[in-house]
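Here is how the chains run, residue by residue.
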Amino acid sequence: MRAGGSLLSLRGLRKSFSEQKSGRELEVLDGIDLDVTEGALTCIVGPSGCGKTTLLRLIAGLLAPTSGEVLFEGVPVEGPGPERGMVFQEYALFPWRTAARNVSFGLEIAGVSRREARGRADGYLRVVGMTGHDDLYPRELSGGMKQRVAIARTLAVEPAVLLMDEPFASLDAQTRNAMQAFLVELWEKTGKTVVFVTHSVDEAVYLGGEIVGLSGRPARVVRTFANAQPYPRNRTDGEFIRLRSEILAYLAGETAGAG
Amino acid sequence: MKKWKLASPLAALAVWQALAVTGALGRATPSPWDVLKGLYDLAATGLPRGYHLQGHVAYSLLRVFTGFGIALVIAVPLGILMGWSRWFEAAVDPLVEVVRPVPPLAWLPLALVWFGLGLGSAAFIIALGAFFPIVLNTVLGVKGVDPRLVEAARTLGAREGTILRRVLVPGSTPSIITGVRIGMGIAWMTLVAAELIGVKNGYGLGYMIMTARDLARFDLLVAGILVIGVIGFLADRLIRIVEKRLLRWR
């Protein structure tokens, strides 16, 4: 049923937007082919504004491709669904719901009773290390805590794949590092498939088992790097530095070549 | 800081009393003390005699809450639908925009033909006055909901109806409450103006102050104005308390 054993396949994915003012077509994605294996932690890295977020939104089903297709378990994606969970850069927590009730949102709308949903929400808050914060509103939480709650909210609907759109980009450096380590632990613990979009090569090398390099807009996959370093990774490690330099140099060459 | 809040009203009262005592205001303008006595007369004797202040307040509140309630019940769902559905807004908005600039009181003659002199016509024009700020702020609130929240709900499995009930409605609540506060203020103003023109049963604060004018009882007139102001203030406070309750998350 699955194409080549992959959970998620992108086939010749193109997306262009028509600019409202000029009426010109703005090409964002220029034929993306990609396979994501079940259980993999894949990082998609590319320069800012290259269309990484668009790519993730296409996988989530929040956008429809201009041509090509997204296959989930071999079936074309036609809209959003809880099997493809999304974590947003700006958290997108419901400000009128407490942490626990944000996490239970997906369960409540799936018809799980409020009590049962609350119990399971507490469980997921424990998974992300947020026990004891259940009754706080998002405005009372720090950026890192908000993102933990947002991750718990997505996990609660038990998605097959976690789509993460630069989730740590608006955090301070220290919190970002802590969250990266947390994500690796979470991934090892849950075995979830993760597609993680970032503009930071450092972050991609720290997290990714596979690193997909995108060119500048319109984005193409320029190269895929395998990253077999064991977790948790050490940024001062020789192999870490070597791979980071290699990818940086490669992307710089691509960007310069395109420009 | 809080004690200073009373400074300007107290100073105004002191100046007013002083001017009245020296006779600078003339015979027609009562002093604060006269007004206080007037207030007592209104409650004890009534104006006209036997029509007590309590009755005037009760009937005015009845009219305002009937009209305001009707406006609320229609305006909030309508505004939510308009904010939610583009085609519905396109269809309904022109009508709203044409009727909105008409002062509610301009409808009074027509309302009298339709409903006669009584609760019906008063409630009708009060509802008209309160309706538009509530509708417009509700539409604004729904449109102002962060699209990311809608997307988040979608990726969590929410369908349109769920998004409407669980994202757009709670997300637009702050703006709806703003509309409700403005609408309540306008409802109260419209009420008094409507009562100035006439009431059937002899009760109503607007009617009461017109009676005071006809009898040249300016102490009672100013006392009536004071009562109208205080009730308007209390209504606004009430909405603020509800707001605090509903928007604990802010």
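Everything discussed here concerns the structure shown above.
To keep things clear, this report deals only with the structure shown in the data block. (Residues numbered from 1 in each chain as written. Chains lettered and ligands numbered in written order. Predicted model: local features only at pLDDT ≥ 70, side-chain atom pairs only at ≥ 80, totals over all residues. Heavy atoms only, no water.)

### A short note on the overall build of chain A
- When helices and strands are tallied, chain A shows eight helices and 10 strands.
- Relative to a compact globule of 259 residues, whose C-alpha radius of gyration would be 18 Å, chain A shows 18 Å and is just as compact.
- The buried share of chain A, taken over its 259 residues, is 50%.
- In chain A, once contacts between residues fewer than 6 apart in sequence are set aside, the share between residues at least 24 apart is 67%.
- With the model as given, the accessible surface of chain A reaches about 10900 Å², and the carbon-plus-sulfur share is 49%.
- Computed over 30 positive and 31 negative side-chain charges, the separation of the two mean positions in chain A equals 4 Å. (Helix = DSSP H or I, 4+ residues; strand = E, 2+ residues; numbered from the N terminus. Rg over C-alpha atoms; globule rule 2.2 N^0.38 Å. Buried < 20%, exposed > 50% of the residue type's maximum accessible area, 1.4 Å probe, protein only. Contact = heavy atoms within 4.5 Å. Areas by Shrake-Rupley, 256 points an atom, 1.4 Å probe, with all protein chains shown as cover. Lys, Arg positive; Asp, Glu negative; His and termini not counted. Charge placed at Lys NZ, Arg CZ, Asp CG, Glu CD.)

### Here we look at the environment of Glu203(A)
Residue and element names in this part refer to chain A.
- Examined against the element boundaries, Glu203 turns out to sit in helix H7 (residues 201–207).
- It is 9.8 Å that separates the C-alpha atoms of Glu203 and Arg235, two residues lying 32 residues apart in sequence.
- Once you skip the residues sitting within four places of it in the chain, Glu203 turns out to touch Phe168, Arg176, Gln180, Phe196 and Thr198.

### Description of a nonpolar patch on the surface
- A surface patch of nonpolar side chains, about 440 Å² in accessible area, is lined by Leu110(B), Val113(B), Trp114(B) and Phe115(B).
- Considering the arrangement of structural elements, one finds Trp114(B) in helix H5 (residues 108–115). (Patch = residues over 30% accessible without salt bridge, like charges linked within 9 Å, V, L, I, M, F, W, Y side chains within 5 Å. Salt bridge = Lys/Arg side-chain N within 4 Å of Asp/Glu carboxyl O.)

### Description of the pattern of salt bridges
- Enumeration over the complete set of coordinates arrives at 29 salt bridges over all chains.
- Notably, a salt bridge pairs Glu166(A) with Lys52(A), separated by 3.8 Å at the nearest N-O pair. A residue pair is termed long-range when its members are at least 10 positions apart, and Glu166(A) in the loop between strand E7 (161–165) and helix H6 (173–190) and Lys52(A) in helix H1 (residues 52–60) qualify at 114 residues.
- For Lys52(A), a relative accessible area of 3% gives the class buried.
- Of the charged contacts in the structure, one is a salt bridge between Asp236(B) and Arg240(B), with a shortest N-O distance of 3.9 Å. Taken together, the residues span about one helical turn, with Asp236(B) and Arg240(B) both in helix H10 (residues 218–246) at a distance of four residues.
- Each of Arg97(A), Arg101(A), Glu108(A) and Arg166(B) takes part in one network of salt bridges that share partners.

### Some remarks on the nonpolar core
- Formed by 94 residues in total, the largest nonpolar core has its most connected members in Val167(B) and Leu205(B).
- No other element matches the 12 residues that helix H8 (residues 160–197) of chain B contributes to this core.
- Setting aside anything within four residues of it in sequence, one finds Leu205(B) in contact with Leu53(B), His56(B), Val57(B), Ser60(B), Trp188(B), Glu195(B), Val227(B), Ile228(B) and Ile231(B).
- Listed in part, the 49 residues of the second largest apolar core include Val112(A), Leu141(A), Met164(A) and Leu186(A). (Core = buried A, V, L, I, M, F, W, Y, C linked by side-chain atoms within 4.5 Å.)

### Description of a positive patch on the surface
- Together, Lys2(B), Lys5(B), Arg237(B) and Lys244(B) line one region of the surface with positive charge.
- Along the chain, Lys5(B) turns up in the segment before helix H1 (7–22).

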